[in-house]
Amino acid sequence: MKRYSLRTVLFLALCCDLGLFSKRIVSPAANLVTDSLHIPGGIGTSFSLMFLVVAAVLVSQPGCAAMMSMIQSVLALGLGMVGSMGALSPIGYILPGAVIDLLLLATTGLRAAWEVRMALINAAAAVCAALTANWIVFRLDGPALLLYVCVAAVSGALCGLLGAAVARRLAPVVTARQVGSTEVAEGTK
């Protein structure tokens, strides 16, 4: 693994922080939707995961999202932002980060539009986060679990599309490369 430049480290740190704190900002509005559906959540987490996906796409290093999610879990524990998962919250952070890395690696050769790939990756990470939270805390089953997973997937896909727009804007600053319609960095062809 190559060493990260100072610019890259600062960008990753900013994305970690934005992922943690944006969840707090978005959650009250997201809770209006999830409370009416009687499900635990999924929308705020999808928005939070978008920052990990954007950073992993722009930095384009294997293991980047998992590393960032580990850092986020340590920050969340240290700041008391563990939510309902308590001491097991690092699992809830690290597993979606690993899913992001695996799917970035698996979709490297696809000829799909990058917006579609980012939407699918963010949706899969959101579903992973929802299933992890359900396994650790909620223990939903049947239609309630299906609705929870579907809300996480749809909000994850929408946040992934938003993340693709953000990545397109940030790419010239972060990577010094232009973002094409089917690639974000030179290494993702």
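Shown above is the structure to which this text applies.
Notes on the structure in this doc start here. (Residues numbered from 1 in each chain as written. Predicted model: local features only at pLDDT ≥ 70, side-chain atom pairs only at ≥ 80, totals over all residues. Heavy atoms only, no water.)

1. Quick look at the nonpolar core
Counting residues in hydrophobic clusters, the biggest one holds 43 residues, and the most contacted among them are Phe11, Met68, Ile100 and Met118. At the level of secondary structure, the elements contributing two or more residues to this core comprise α1 (6-37), α2 (43-59), α3 (64-79), α4 (89-106), α5 (114-138) and α6 (142-174). The element that contributes the greatest number of residues to this core is α2, accounting for 13 residues. (Core = buried A, V, L, I, M, F, W, Y, C linked by side-chain atoms within 4.5 Å. Buried < 20%, exposed > 50% of the residue type's maximum accessible area, 1.4 Å probe, protein only. Helix = DSSP H or I, 4+ residues; strand = E, 2+ residues; numbered from the N terminus.)

2. Structural notes on unusual backbone geometry
A negative phi angle is the norm for most residues apart from glycine, just as the trans form is the norm for most peptide bonds. Of note in the backbone geometry, serine 60 takes a positive phi value of approximately 55° without being a glycine. Relative to the assigned elements, serine 60 resides in the loop between α2 and α3. Assessed through its relative accessible area of 26%, serine 60 is described here as partly exposed. Of note, the phi angle at arginine 139 is positive, near 55°, even though the residue is not glycine. With respect to the helices and strands, the residue arginine 139 is situated in the loop between α5 and α6. Under the relative-accessibility criterion, arginine 139 is labelled exposed at 58%.

3. Re α2
Compared with the 24 Å implied by 1.5 Å per residue over 17 residues, the 25 Å span of α2 between its first and last C-alpha is a close match. Among the 17 residues in α2, 16 count as buried, and that is most of the element. Once α2 finishes, serine 60 follows within two positions and takes phi at roughly 55°, a positive value. (Expected span 1.5 Å × (residues − 1).)

4. Brief notes about the packing of α4 against α5
Running from N to C, α4 and α5 cross one another at 150°; their axes reach a closest spacing of 9 Å. Our classification of the angle between α4 and α5 gives roughly antiparallel. Note on packing geometry: the crossing formed by α4 with α5 is right-handed. In this structure, α4 contributes Ile91, Gly92, Leu95, Pro96, Val99, Ile100, Leu103 and Leu104 to the contact, and α5 contributes Trp114, Arg117, Ile121, Ala124, Ala125, Cys128, Ala129, Thr132, Trp135 and Ile136. A per-class count over the contact of α4 with α5 returns 15 nonpolar, two polar and one charged. (Axes fitted to C-alpha atoms, helices over the stretch in contact; angles between N-to-C directions. Parallel < 35°, antiparallel > 145°, perpendicular 65-115°, else oblique. Left-handed = near helix turned anticlockwise from the far one by under 90°. Contact = heavy atoms within 4.5 Å. Nonpolar A, V, L, I, M, F, W, Y, C, P; charged D, E, K, R; others polar.)

5. As for α1
In this model, α1 (32 residues) spans 44 Å end to end at C-alpha, consistent with the 46 Å of a helix rising 1.5 Å per residue. Along its length, α1 shows its largest kink, about 50°, at serine 27, and proline proline 28 lies within four residues downstream of that point. A positive backbone phi angle near 60° is found at histidine 38, which sits one or two residues after α1. (Bend = angle between axes of the 7 residues up to and from the residue.)

6. Quick look at the state of the cysteines
This model, assessed by the stated rule, comprises zero disulfides. You can see cysteine 128 has no disulfide; the closest cysteine sulfur is in cysteine 150, sitting 16 Å from it. By relative accessible area, cysteine 128 is classed as buried at 15%. (Disulfide = S-S within 2.5 Å.)

7. Remarks on the packing of aromatic side chains
Under the counting rule described, the total for this entry stands at two aromatic pairs. Their ring planes at 90° and their centres at 5.6 Å tell us that phenylalanine 47 and phenylalanine 51 sit as a pair that is edge-to-face. Of this pair, phenylalanine 47 and phenylalanine 51 both sit in helix α2, four residues apart, roughly one helical turn. Both residues of the pair, phenylalanine 47 and phenylalanine 51, belong to the buried class. Ring centres of phenylalanine 138 and tyrosine 148 lie 6.1 Å apart, and the angle between their planes is 85°; this geometry places the pair in the edge-to-face category. Of this pair, phenylalanine 138 sits in helix α5 while tyrosine 148 sits in helix α6, and the two are 10 residues apart along the sequence. Judged by its relative accessible area of 30%, phenylalanine 138 is partly exposed. (Phe/Tyr/Trp six-rings, centres within 6.5 Å; stacked < 30°, edge-to-face > 60°.)

Any functional reading would require information that these geometric values do not contain.
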